[in-house]
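# Structure assessment
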Amino acid sequence: MTTTYAALLRGINVGGHRKLPMARLRTLLTGLGHTGVTTYLQSGNAVFTAGHGDEESLALEVSRAIEEQLGFAVDVLVRDHAYLTAVRDACPFPADELEGRHLHVTYFSAPVDTERYAEIDPAAYLPEDFRLGERALYLYAPDGLGRSKLAEQLARPRRTKGLIATTRNWNTVVKLAELTAP
């Protein structure tokens, strides 16, 4: 039985560092025996079908292959269609009414409890807002992620310690759910 997954690579092709052309990523995934390999944008989103493994083992496999073949470490999350669709469908914000560039999802490698974020006073950042989901954090940042003071607080190392965390805007969240559909 095969499953279609999305690989979410963290921190590649940003500011000229850790360059990984998408053609090279497609070749790497195909070389690992995966089929139906496609990429989306230049920011480290790949879709592939695998006949073996699970999310964790596949993420480790991709991460190790990148380090072995390209010489630098990259954090990788792998998620299947059911999870990506569940995250999209569970959005606590009115996604259909918002611009996709104002809404973001941070995917986590493990469940996150509210204690990590308990000291943040959401009222201090309005109209920005956030909510936790299943191994995900939803962020509404109407002035953009780059200008968001709340995003800065949410991404502090003490809050993400022990986790792989990578963020995608809502347009990408929706597209990855579509691309992984059977």
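Reference entry: report on the structure contained in this document.

Cut-off values and rules
Residues numbered from 1 in each chain as written. Predicted model: local features only at pLDDT ≥ 70, side-chain atom pairs only at ≥ 80, totals over all residues. Heavy atoms only, no water. Buried < 20%, exposed > 50% of the residue type's maximum accessible area, 1.4 Å probe, protein only. Helix = DSSP H or I, 4+ residues; strand = E, 2+ residues; numbered from the N terminus. Contact = heavy atoms within 4.5 Å. Polar contact = N/O pair within 3.5 Å; in protein donor to acceptor, adjacent residues only side chain to side chain. Core = buried A, V, L, I, M, F, W, Y, C linked by side-chain atoms within 4.5 Å. Pairing = 2+ DSSP bridges. Axes fitted to C-alpha atoms, helices over the stretch in contact; angles between N-to-C directions. Salt bridge = Lys/Arg side-chain N within 4 Å of Asp/Glu carboxyl O.

### Re helix α3 (residues 81-89)
Turning to α3, its buried residues number three or more, namely Tyr-83, Leu-84, Thr-85 and Val-87. Each element contacted by the buried residues of α3 is listed here: β1 (3-9), α2 (55-70), β4 (76-80), β5 (103-108), β7 (136-140) and α6 (170-179). Residue Asp-80 occupies the N-cap position of α3, its side-chain oxygen lying 3.3 Å from the main-chain nitrogen of Ala-82.

### A few points about the nonpolar core
Grouped together as the largest cluster of nonpolar side chains are 22 residues, with contacts concentrated most on Leu-9, Leu-29, Phe-48, Ile-66, Val-76 and Val-78. Listing elements by their share of this core, those giving two or more residues are β1, α1 (22-31), β3 (45-50), α2 and β4. Sorting elements by how many residues they give to this core places α2 first, with 5 residues. Val-105, Trp-170, Leu-176 and Ala-177 belong to the second-largest nonpolar core, a separate cluster that totals 20 residues.

### Observations regarding the environment of His-34
Its place among the elements puts His-34 in the loop between α1 and β2 (35-40). As for His-34 and Glu-119, which are separated by 85 residues in sequence, their C-alpha atoms are 43 Å apart. Among all residues touching His-34, those that are not within four sequence positions of it are Leu-29, Phe-48, Thr-49, Ala-50, His-52, Leu-58 and Glu-61. Polar side-chain contacts of His-34 include one of 2.8 Å to the side chain of Glu-61.

### As for the sheet that holds β5
What the 4 strands build is an open sheet, ordered β6-β7-β5-β8; its pairing is antiparallel. At either end of the open sheet lies a strand with only one pairing partner, and these are β6 (129-133) and β8 (165-169). Sheet twist, expressed as the mean angle between neighbouring strand axes with direction ignored, is 20°.

### A short note on the pairing of β5
With 6 of 6 residues buried, β5 lies mostly within the body of the structure. Bridge count between β5 and β7: 5 bridges; the pairing is antiparallel. Following the sheet pairing, His-104 is matched in β7 by Leu-139.

### As for the pattern of salt bridges
Scanning all chains against the criterion turns up 9 salt bridges. Across the pair Arg-10 and Asp-75 runs a salt bridge whose closest N-O atoms are separated by 4.0 Å. Within this pair, whereas Arg-10 is found in the loop between β1 and α1, its partner Asp-75 is found in the loop between α2 and β4, the two being separated by 65 residues in sequence. Looking at Arg-10, the relative accessible area reads 38%, which means it is partly exposed. Between Glu-178 and Lys-175 there is a salt bridge, and its shortest N-O distance comes to 3.9 Å. Highlighted residues: Glu-178 and Lys-175, both in helix α6, separated by 3 residues, approximately one helical turn. Among the charged side chains, a network of salt bridges with common partners joins Glu-55, Arg-79 and Arg-135.

### Considerations on the sheet that holds β3
The strand order β2-β3-β1-β4 describes an open sheet built from 4 strands, whose pairing is antiparallel. Taken across any chain shown, the strands that pair with only one partner, and hence form the sheet edges, are β2 and β4. Going from strand to strand, the sheet's axes swing by 25° on average, the running direction of each strand aside. Bridge count between β2 and β3: 4 bridges; the pairing is antiparallel. Paired with Thr-39 across the two strands is Ala-46, which belongs to β3. Along the sheet face, α2 touches β1, β3 and β4 and points at about 145° away from the line of β4.

### Structural notes on unusual backbone geometry
Cis geometry is adopted by the peptide bond preceding Pro-127, which originates at Leu-126 and carries an omega value of 10°. Relative to the helices and strands, Pro-127 is located in the loop between β5 and β6. A positive phi angle is found at Leu-41, which is not glycine, with a value near 60°. By the element assignment, Leu-41 lies in the loop between β2 and β3. Look at Arg-135: it is not a glycine, yet its phi comes out positive at around 55°. Mapped onto the elements of the fold, Arg-135 is located in the loop between β6 and β7. When its relative accessible area of 17% is taken as the criterion, Arg-135 is described as buried.

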